[in-house]
Amino acid sequence: MKLTDELKVYFIHINEMDETGMDAISLVDVPAVQRNFLCFNEEKKPVRLEFDGAKHIITGVVCLAETPIYRYSERYGEYFVVFTKETIAKMVEKYAKKGLFNSVNLQHDDEKFVDGIYMIESYITNKERGISPKEFADVPDGSWICSYKVENQELWDEIVNGDKLNGFSLQGLFDVSPERFEKQDKPMTFDEWIEQYL
């Protein structure tokens, strides 16, 4: 991956009035946000992928705010996408309104939705309001973090004993544009984006 002016930055958008937005959270081997789960044991200490048979809770970042996320496709080549704080807030609200918090699949496979897993926490980080757990102190404000209780023993065993389910990845239909806001005159290069927003 090369962080150069050659890679374009696209901003993710959703519209409250159409079909854009999330339809599931996927458990994946390599999360695009580059952050793995924390699994909590009965002493409530966060540990990485360690199983003790008690709490069965996984916590992780679903979406990083204001952060370029590397993507590649055969059609478009290499590029970055960015979820703004505003887009994440709209996305979470729309997802909640549709009642999809327990819509979970494996590896973005719509044939592999799983039962026995349900969301118990959902919050958007905000240091000003004190919503910034120490485990995620380096996560930008406006990022979305969730915790799931895993009652499905087979799924829990796969999470803690394997290497195929390491983090969350959101799934849905989104609009993508080179503009952060509609009034922006021209697309930004990656370096311009870094200079302006980091």
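Throughout what follows, the structure given in this document is the object of discussion. (Residues numbered from 1 in each chain as written. Predicted model: local features only at pLDDT ≥ 70, side-chain atom pairs only at ≥ 80, totals over all residues. Heavy atoms only, no water.)

## A few points about the pattern of salt bridges
Okay, so step 1: Applying the stated criterion to the full structure yields 2 salt bridges.
Okay, so step 2: One salt bridge connects Lys 94 with Asp 18, and the closest N-O pair in it is separated by 3.9 Å. With Lys 94 in helix α1 (residues 85–97) and Asp 18 in the loop between β1 (8–13) and β2 (21–28), the pair connects residues that are 76 residues apart, well separated along the chain.
Okay, so step 3: On the basis of relative accessible area, Lys 94 is assigned to the buried category, the value being 12%.
Okay, so step 4: The exposure class assigned to Asp 18 is partly exposed, which follows from its relative accessible area of 29%.
Okay, so step 5: In this structure, the salt-bridge partner of Lys 127 is Asp 141, at a minimum N-O distance of 3.7 Å. Taken together, the residues Lys 127 in the loop between β10 (117–124) and β11 (144–150) and Asp 141 in the loop between β10 and β11 connect sequence positions 14 residues apart. (Salt bridge = Lys/Arg side-chain N within 4 Å of Asp/Glu carboxyl O. Helix = DSSP H or I, 4+ residues; strand = E, 2+ residues; numbered from the N terminus. Buried < 20%, exposed > 50% of the residue type's maximum accessible area, 1.4 Å probe, protein only.)

## Some thoughts on unusual backbone geometry
Residues apart from glycine generally show negative phi values, whereas peptide bonds are mostly found in trans.
Okay, so step 1: The residue His 56 is not glycine, and still its phi comes out positive at about 55°.
Okay, so step 2: Its place among the elements puts His 56 in the loop between β4 (46–47) and β5 (57–63).
Okay, so step 3: For His 108, which is not glycine, the phi torsion reads 60° and is therefore positive.
Okay, so step 4: Considering the arrangement of structural elements, one finds His 108 in the loop between β8 (104–106) and β9 (109–113).

## As for the sheet that holds β9
Whether parallel or antiparallel, the strands of a sheet pair through hydrogen bonds between backbone atoms.
Okay, so step 1: Here 4 strands make up an open sheet; going across it, the order is β9-β8-β2-β12 and the pairing mixed. Looking along the sheet, the strands with just one partner apiece sit at the ends: β9 and β12 (167–173). Put simply, the sheet's adjacent strands are angled 50° from each other on average, direction ignored.
Okay, so step 2: Docked against the sheet, α1 engages β2 and β12, running at close to 90° with respect to β2. (Pairing = 2+ DSSP bridges. Axes fitted to C-alpha atoms, helices over the stretch in contact; angles between N-to-C directions. Contact = heavy atoms within 4.5 Å.)

## A word on α1
Okay, so step 1: The end-to-end C-alpha distance of α1 is 18 Å, a good match for the 18 Å that 13 residues give at a rise of 1.5 Å each.
Okay, so step 2: On the buried face of α1, the contacting elements are β1, β2, β5, β10, β11 and β12.
Okay, so step 3: Of the residues flanking the end of α1, it is Gly 99, one or two places downstream, whose phi is positive at about 65°. (Expected span 1.5 Å × (residues − 1).)

## A closer look at the packing of aromatic side chains
Okay, so step 1: Taken as a whole and judged by the stated rule, the model has 6 aromatic pairs.
Okay, so step 2: Aromatic pair Tyr 95 and Phe 101: ring centres 5.5 Å apart, planes at 70°, arrangement edge-to-face.
Okay, so step 3: Note on Tyr 95: relative accessible area 1%, which makes it buried.
Okay, so step 4: Exposure remark for Phe 101: the relative accessible area of 24% places this residue in the partly exposed category.
Okay, so step 5: Between Tyr 95 and Trp 144, the ring centres sit 6.0 Å apart and the planes meet at 75°, which makes this aromatic pair edge-to-face. In this pair, Tyr 95 sits in helix α1 while Trp 144 sits in strand β11, placing the two residues 49 residues apart along the sequence. In this pair, the class of Tyr 95 matches that of Trp 144, namely buried.
Okay, so step 6: Through successive ring pairs, a cluster of aromatic residues spans Tyr 95, Phe 101 and Trp 144. (Phe/Tyr/Trp six-rings, centres within 6.5 Å; stacked < 30°, edge-to-face > 60°.)

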